[in-house]
Amino acid sequence: MSARRVRFKQVDVFSDVPFKGNALAVVFDADGLDADEMLAIARWTNLSETTFLLEPTEPSADYYVRIFTPAGELPFAGHPTLGTAHALVESGYVARTAGRLVQQCGVGLVEIEDRAPGVRAFAAPPARITPMPETEFAALREALGTREDEIDFTRVPPSAVDNGVRWLTVGLTSPERCVTVKLNPSALSHIVQRAGMKGLTLYAAHPAGGPASYEMRCIVMDDELSIYEDPATGSANAGLASLFSSRDARPGDRYTVRQGVAIGRAGRVFVDYD
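Residues numbered from 1 in each chain as written. Predicted model: local features only at pLDDT ≥ 70, side-chain atom pairs only at ≥ 80, totals over all residues. Heavy atoms only, no water.

## Quick notes on the pairing of strand β16 (residues 267-272)
Convention followed: Between buried and exposed lies partly exposed: a residue is buried under 20% and exposed over 50% of the maximum accessible area for its type, with that area taken using a 1.4 Å probe on protein chains only. Each helix corresponds to a stretch of at least 4 residues labelled H or I by DSSP, and each strand to a stretch of at least 2 residues labelled E; elements are numbered beginning at the N terminus. Here, strands pair whenever DSSP counts at least two bridges between them.
Burial along β16 is one-sided: the residues G267, V269 and V271 are buried and none of R268, F270 and D272 is. In this structure, strand β15 (residues 254-259) lies alongside β16, joined through 6 bridges in antiparallel fashion. By the bridge assignment, R258 is partnered in β16 with R268.

In structure tokens, the structure reads:
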């Protein structure tokens with residue numbers, strides 16, 4: 001890799017508590033970097049994602065972003081989308097339309113809107129949803145170490161959800177079990193890979209008055225890397241919102257999600273149906 005100087009920023013996404021969200025590395029002025037160099041930098045930062053800002057090729061876009069994990073490139077991801085937008089504006093960039101950015105990325109154009117000072121929302125890309133075959137249910141229960149009545153197999157059954165990142169999304173009946181469930185990594189990895197997914201999303205509804213509407217965990221399973229838990233995940237939350245819609249199970253016009261408790265984080269995600 002030839003030596004050159006570029007700007008670099010690290011931001012914390014989905015939490016207002018320092019060091020409790022999901023970290024993101026943002027590399028500015030990346031037009032001169034090729035994909036191999038971007039991957040090398042992503043492996044060096046060793047974060048779940050690193051983004052690279054480039055000049056857009058779409059006339060309506062404010063910027064073009066490429067998103068890399070230490071294993072390869074993603075067409076879309078949620079916390080990199082919001083974190084990159086924040087870093088760009090904080091650097092002094094002035095959006096073409098006040099209060100609105102248009103991001104060009106692998107899935108196309110993604111709109112990002114200001115909601116409050118320091119608060120932004122992205123319009124979720126469309127999701128492809130495939131219910132999990134019933135023949136996999138017993139193996140899923142065993143891999144999660146749960147009883148049959150601890151998984152939602154009927155109202156919102158386990159489903160493969162793909163909106164640029166692929167999650168096997170499974171609802172549990174207890175938020176406490178969502179946090180404390182003991183996963184069988186080897187068995188889960190086989191199930192997730194058979195479904196063609198990148199990882200596992202677990203969620204469960206909190207009772208009224210709880211810390212959030214839902215508890216969530218996201219377990220990333222990558223062929224090249226060990227299994228790890230993501231602290232706060234925009235793509236999985238957007239996918240869950242799409243899954244609720246597909247089953248006529250929306251919990252209202254808006255809801256909140258708490259994520260990262262099992263690994264000592266304090267992620268908060270806000271979902272609006274617009």
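## A word on the side chain of K198
Under the convention used in this document: Contacts were defined at the residue level, with two residues in contact if any of their heavy atoms lie within 4.5 Å.
Along the polypeptide, K198 turns up in the loop between α5 (185-194) and β12 (199-205). With sequence-adjacent residues up to four places away left out, K198 is seen in contact with T69, L74, V165, R166, V192, V220, M221 and D222.

## As for the state of the cysteines
Going by this rule: Throughout, disulfides are identified as pairs of cysteine sulfur atoms within 2.5 Å of each other.
All told, the structure shown has 0 disulfides when counted by the stated rule. Unpaired in terms of disulfides, C105 finds its nearest cysteine sulfur in C218, a separation of 19 Å. In this structure C178 is not part of a disulfide, and its nearest cysteine sulfur, from C218, lies 9.1 Å away. On the basis of relative accessible area, C178 is assigned to the buried category, the value being 0%.

## Let's talk about the environment of R177
So the rule is basically this: Each polar contact in these results corresponds to two N or O atoms within 3.5 Å; when the atoms are within protein, one needs to be able to donate a hydrogen and the other to accept it, and residues that are neighboring in sequence are counted only if both atoms are side-chain atoms.
Residue position: R177 is located in helix α4 (residues 175-180). In this view, R177 contacts G145, T146, E150 and L172; residues no more than four positions away in its chain are not counted. Only 3.1 Å separates the side chain of R177 from the side chain of E150, close enough to count as a polar contact.

## Notes on empty space enclosed by the protein
Our working rule: Using protein atoms alone on a 1 Å grid, points that fit a 1.4 Å probe yet trap it form a cavity, whereas open point sets bounded by protein on both sides within 12 Å along at least five of seven lines form a pocket; residues with an atom within 4 Å of a point count as lining. Grid points are joined across faces, edges and corners, and a volume is the space filled by probe spheres set on the points. By the convention adopted, Pro, Cys, Tyr, Trp, Phe, Met, Ile, Leu, Val and Ala count as nonpolar, Lys, Arg, Asp and Glu as charged, and the other residues, Gly among them, as polar.
Following the criterion strictly, the structure yields 1 cavity of 30 Å³ or more and no others. Computed from the structure, the largest cavity encloses a volume of approximately 80 Å³. Lining the largest cavity are 15 residues, with E49, W167, D230, T233 and S235 sitting closest to its centre. Of all the secondary structure elements, the ones that give two or more residues to the lining of the largest cavity are α2 (78-90), β14 (228-230) and α6 (234-246). When residues of the lining of the largest cavity are assigned to their parent elements, the largest contribution, 3 residues, is made by α2. Across the lining of the largest cavity, the residue classes tally to 7 nonpolar, 5 polar and 3 charged.

## Quick word on the pattern of salt bridges
Let me state the cut-off plainly: Any carboxyl oxygen of Asp or Glu that lies within 4 Å of a side-chain nitrogen of Lys or Arg is treated as forming a salt bridge with it.
In the structure shown here, the tally under the stated rule is 15 salt bridges. The closest approach of N and O atoms between D114 and R120, which form a salt bridge, is 3.1 Å. The class for D114 is partly exposed, based on a relative accessible area of 38%. One salt bridge in this structure joins R258 and E215, with 2.8 Å as the shortest N-O distance. Here the residue R258 occupies a position in strand β15, and E215 occupies one in strand β13 (residues 214-220), the gap between them amounting to 43 residues. Residue class for R258 comes out buried when judged on its relative accessible area of 19%. Through salt bridges with shared partners, a single network forms among E113, R115, R254 and D272.

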